[in-house]
Amino acid sequence: MTQTLGALPVEESTPVDAAHVVADWLARFQTALVAHDANALTGLFAEGSTFRDLLVFEWDFLNFVGARDIGEGLAKLSTSREIRRPFTIRPDKEIAIQEAVEGEHLLAFIGFATEIGSCDGFLRLRRDPSGQVAALGLVVELIELDGFPEAVGEHRPDGRTHGASMGRRTWGDEHDTEFPSGDPQAVIVGGGHSGLIQAARLIRLGVSTLVLERNARVGDNWRNRYSSLALHDPYEVAQLPYFPVPEGWPRFAPKDKFADLLEAYATLMDVPVWTSATVGNVHYDEAASQWVCDVDRPGKPRRTLRSGHLIMATGANTVPVLPKIPGTDRFRGDIVHSSAYAGGESSMPSTALVVGVGTSGHDVAQDLAEHGVGVTLLQRSPSLIVNIGTIHALNYAPWLTMSLSTEDADLMGAETPFGVYPSLGKDWMDVAKGMDKNLHAALEDAGFELGWGPDGSGLLGLVFGANKFSYYYNVGASDLIVQGKIRIDQGAIERFTETGVVLDDGTAIDADLVVFATGYQKPRESNRSVLGDVVDELPEINKVGPDGELSAVWRHCGKDRLWFSTATGILYSRFYSKLLALQIKAIEEGLMPASGPASS
């Protein structure tokens, strides 16, 4: 029986010789690693291969690309921490065999330990027809600090200790969300999925944590959006840690249902959240090594919190960009940013103009068209369009087509350094073009200008190279464009009139509603309202830096004990939140320095 990984079949069974091949490679790898032998390590990797280290040898995310750089890099890294338990194939995982153009790939999950804790890894070996074996990719991650396991499984709390206990405290006493006897060790600003996931991770490592949320209810950042909004990722990819969704859960959760899930998650995972919270006067007390902030809530006295760690989880899309265009005061209709678009059946206009052809622009246009509104989508530059099914097939194979736990699929998905993605983009885009050729042809016939990313590198080059997000996963809007139910125009708005707009080519468009789907300010700038001028001392946030990793997120940002847990997707939040929690726990236990250089 086979499953698919991308377009290639994967055998589920594990032939004995495959296990021998992987075990032999691991033995040679460990020998070379312990000996700090750069030449021997180089010889174990193929040209163009990658290695990624997530807190195993250093308190940071590191990667090397190419056999020589991997060999030399690992020879130096291996002097940092001693290997305490050898590299072995994990006994709970079988080796998968993937057919390749020449030979085959062997996919193996491995385990080992260093002097600080237990580690996992994912290894991809290439075996050519002659029997020669070399690694194409290896990612290793710290999963547990010695002596500090997560409070899950066999380490879960008792809830109630049986037997007599004079002065017994209840569960509610022990989890008083007001922190009556002291301040939390960590404060998280932002109660969306990133903030809640990060809090759940920290709490399970014994780090007391409080989430500050500006909305009245947990989940309102989803609940208050337009009615047709839903997750684009299937539930297999969008799981919350420790919290598998129930059988019968929708494959693509509608926004209100996902909002309720977040609210339930906070309650059931014992995550303290202060809602309707306004955060001010944020500053770092260097003498005490604490972040200080004032918190105001309706009906509550102001509380000044002093915490050892401040984590910003305010999201990647926070402060809208709304262009200033002459004539807005003359326009008799309504003007909103897509973040404020309510949608639904109430108060729908007769005609609407949506400016911008990214995900939000397409979603809003689709919602309007499906409610019978005559809608025009204004395109200012070419945009990348890929069917949602194509994205799932190309990007989510470990979660959707292999019999893997969410944790193992996440690790497998972390194999490739972010900086390598653009170089893979053209091949990725070529496959996507083949799968979506009919859609692309129909869109071009409808007047839509398609873009293929920088130098044809597609989605991978666009996001991880250019740090731009003008793309759309088609969940229906493209079909409406092809059918003529969403009209396409090109250009920029020159001015507003009483009844609509005039474009830079003189075209007049009448509309009762104009929605600007024009994006958001960069994450560094969007955090200014909380952090003030501290943001001027930070690197770019959530951008692939020269080191091939995302800068300033889930790792040192250059300011002591200030962290960013910012991601556009649940998948990244789920995986990297654990690595950030391990760093914070290590600092609290004196295992890791609180100071570090800004990640670039």
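Throughout, residues of each chain are indexed from 1 in the direction in which the sequence is written. At least 70 in pLDDT is required for a residue's local features to be given in this predicted model, at least 80 for side-chain atom pairs to be given and counted, and no such filter applies to totals for whole chains, interfaces and linings, which use all residues. Excluding hydrogens and water, the side-chain values take into account all heavy atoms of the structure.

A. Region of interest: the overall build of the protein chain. Numbering of helices and strands runs from the N terminus; a helix is a DSSP stretch of H or I covering at least four residues, while a strand is a stretch of E covering at least two. A tally of helices and strands in the protein chain yields 18 helices and 27 strands. Only C-alpha atoms enter the radius of gyration, while the globule expectation follows 2.2 Å times N to the 0.38, with N the number of residues. Its C-alpha atoms give the protein chain a radius of gyration of 26 Å, within 12% of the compact-globule value 25 Å for 600 residues. With respect to the three principal axes, the spread of C-alpha positions in the protein chain is 75 × 70 × 45 Å. For every residue, the accessible area (1.4 Å probe, protein chains only) is compared with the maximum for its type, and the residue is labelled buried under 20%, exposed over 50%, or partly exposed between those bounds. In the protein chain, which comprises 600 residues, the share counted as buried stands at 53%. Here the contacts in the protein chain between residues at least 6 apart in sequence split such that 67% fall between residues at least 24 apart. Looking at the protein chain as shown, the accessible area adds up to about 25,600 Å², and 49% of this sits on carbon and sulfur atoms. Counting rule for charge: Lys and Arg are taken as positive, Asp and Glu as negative, and neither His nor the chain ends is counted. The atom standing in for a charge is NZ when the residue is Lys, CZ when it is Arg, CG when it is Asp and CD when it is Glu. Looking at charge distribution, the protein chain has the averaged site of its 51 positive side-chain charges lying 4 Å from that of its 79 negative ones. Only heavy atoms matter for contacts: two residues are in contact if any of them lie within 4.5 Å across the pair. Accessible areas in this description were obtained via Shrake-Rupley with a 1.4 Å probe; residue shielding takes into account the shown protein chains only.

B. Representation of the layout of surface pockets. The method works on a 1 Å grid over the protein atoms by themselves. A cavity is a set of points holding a 1.4 Å probe that cannot get out, a pocket is an open set with protein on both sides within 12 Å along at least five of seven lines, and residues with an atom within 4 Å of a point line them. Grid points are joined across faces, edges and corners, and a volume is the space filled by probe spheres set on the points. In this model, the second largest pocket occupies a volume close to 780 Å³. Lining the second largest pocket are 33 residues; nearest its centre among them are W171, H175, I203, M269 and D270. Those elements that place two or more of their residues in the lining of the second largest pocket are α4 (171-174), α5 (193-204) and α7 (255-268). With four residues, α7 is the largest single contributor of residues to the lining of the second largest pocket. Here the term charged refers only to Asp, Glu, Lys and Arg, the term nonpolar to Ala, Val, Leu, Ile, Met, Phe, Trp, Tyr, Cys and Pro, and the term polar to all other amino acids, Gly among them. Of the residues in the lining of the second largest pocket, the class split is 16 nonpolar, nine polar and eight charged.

C. Summary view of the packing of helix α9 (residues 388-395) against helix α12 (residues 421-435). Interaxial angles span 0 to 180 degrees and are taken between N-to-C directions of axes, which are lines fitted to C-alpha atoms, for helices over the stretch in contact. One can describe the packing of α9 onto α12 by two numbers: an axis separation of 10 Å at closest approach and a directional angle of 140 degrees. Considering their axes alone, α9 and α12 lie oblique with respect to each other. Crossing of α9 against α12: the hand is right-handed. Taking contact as the criterion, the partners of T390, I391, A393, L394 and N395 in α9 are, on α12, W428, V431, A432 and M435. Its residues assigned to classes, the contact of α9 with α12 shows seven nonpolar, two polar and no charged. For classification purposes, angles smaller than 35 degrees are called roughly parallel, those larger than 145 roughly antiparallel, those between 65 and 115 roughly perpendicular, and all remaining angles oblique. Each crossing is labelled by how the near helix is turned from the far one, with a counterclockwise turn of less than a right angle marking it left-handed and a clockwise turn marking it right-handed.

D. A look at the sheet that holds strand β26 (residues 513-516). When DSSP locates at least two bridges between a pair of strands, those strands are taken to pair. Taken together, the five strands give an open sheet; going across it, the order is β17-β26-β18-β19-β22, and neighbouring strands pair in parallel fashion. The open sheet has two edge strands with one neighbour each: β17 (334-337) and β22 (486-490). Each strand axis lies, on average, 20 degrees off the axis of its neighbour in the sheet, ignoring direction. One ladder, built from five bridges, connects strand β19 (residues 374-379) with β22; its direction is parallel. Note that in β22 the partner of V375 across the bridge is I486. Each of β18 (351-355), β19, β22 and β26 is contacted by helix α8 (residues 359-370), which is oriented at about 165 degrees to β19, the strand it contacts most.

E. Focus on α9. Taken together, the buried positions of α9 are I388, T390, I391 and H392. Contacts from the buried residues of α9 go to β20 (384-387), α10 (397-400), α12, α14 (458-464) and β21 (471-474).

F. Seen up close, the state of the cysteines. Only a pair of cysteine sulfur atoms within 2.5 Å counts as a disulfide in this structure description. Applying the stated rule across the entire model yields zero disulfides. Looking at the unpaired C293, the closest cysteine sulfur is the one in C557, lying at 16 Å.

G. Expanded view of the pattern of salt bridges. When a carboxyl oxygen of Asp or Glu is within 4 Å of a side-chain nitrogen of Lys or Arg, the pair counts as a salt bridge. If you walk through the whole model with that rule in mind, you get 38 salt bridges. We note a salt bridge from R302 to D296, for which the minimum N-O separation is 2.9 Å. Residue E537 pairs with K559 through a salt bridge whose shortest N-O separation is 2.9 Å. A residue pair is termed long-range when its members are at least 10 positions apart, and E537 in the loop between α17 (528-531) and β27 (562-564) and K559 in the loop between α17 and β27 qualify at 22 residues. Given a relative accessible area of 22%, K559 falls into the partly exposed group. One network of salt bridges, with partners in common, ties together R90, D92, K93, D120 and D408.

H. Representation of unusual backbone geometry within the structure. Residues other than glycine seldom take positive phi values, yet N281 does so here, at roughly 50 degrees. You can see N281 is positioned in strand β13 (residues 278-285). Look at N281 and you get exposed, because its relative accessible area is 52%. Look at A552: it is not a glycine, yet its phi comes out positive at around 65 degrees.

I. Structural context of the sheet that holds strand β14 (residues 290-297). Ordered by their spatial adjacency, three strands build an open sheet running β13-β14-β15, and the pairing between neighbours is antiparallel. Unpaired on one side and paired on the other, β13 and β15 (300-307) mark the two borders of the sheet. Each neighbouring strand pair of the sheet contributes to a mean axis angle of 15 degrees, computed without reference to strand direction. Two elements, β13 and β14, share six bridges in a ladder whose sense is antiparallel. Within β14, the residue paired with T278 across the bridge is D296.

J. Looking closely at the side chain of T518. Topologically, T518 is positioned in the loop between β26 and α16 (523-526). With a relative accessible area of 14%, T518 lands in the buried category. With near-sequence residues (within four places) excluded, T518 lies in contact with V321, L322, P323, H337, V355 and R380.

K. Quick look at the environment of A151. By the secondary structure assignment, A151 is in the loop between β9 (133-145) and α4. Measuring from C-alpha to C-alpha, the distance between A151 and L205 comes to 6.4 Å, with 54 residues separating the pair along the chain. If sequence neighbours within four positions are ignored, A151 has contacts with R156, P157 and R204.

L. Layout of empty space enclosed by the protein. All chains considered together, the criterion is met by two cavities of 30 Å³ or more. Of the pockets and cavities examined, the largest cavity occupies roughly 60 Å³. Around the largest cavity sit 13 residues that line it, and L231, Y235, A238, W249 and A253 are the ones nearest its centre. Grouping the constituent residues of the lining of the largest cavity by class yields eleven nonpolar, no polar and two charged. Of the volumes computed, that of the second largest cavity is approximately 50 Å³.

None of the figures reported here should be taken as evidence of function without further support.
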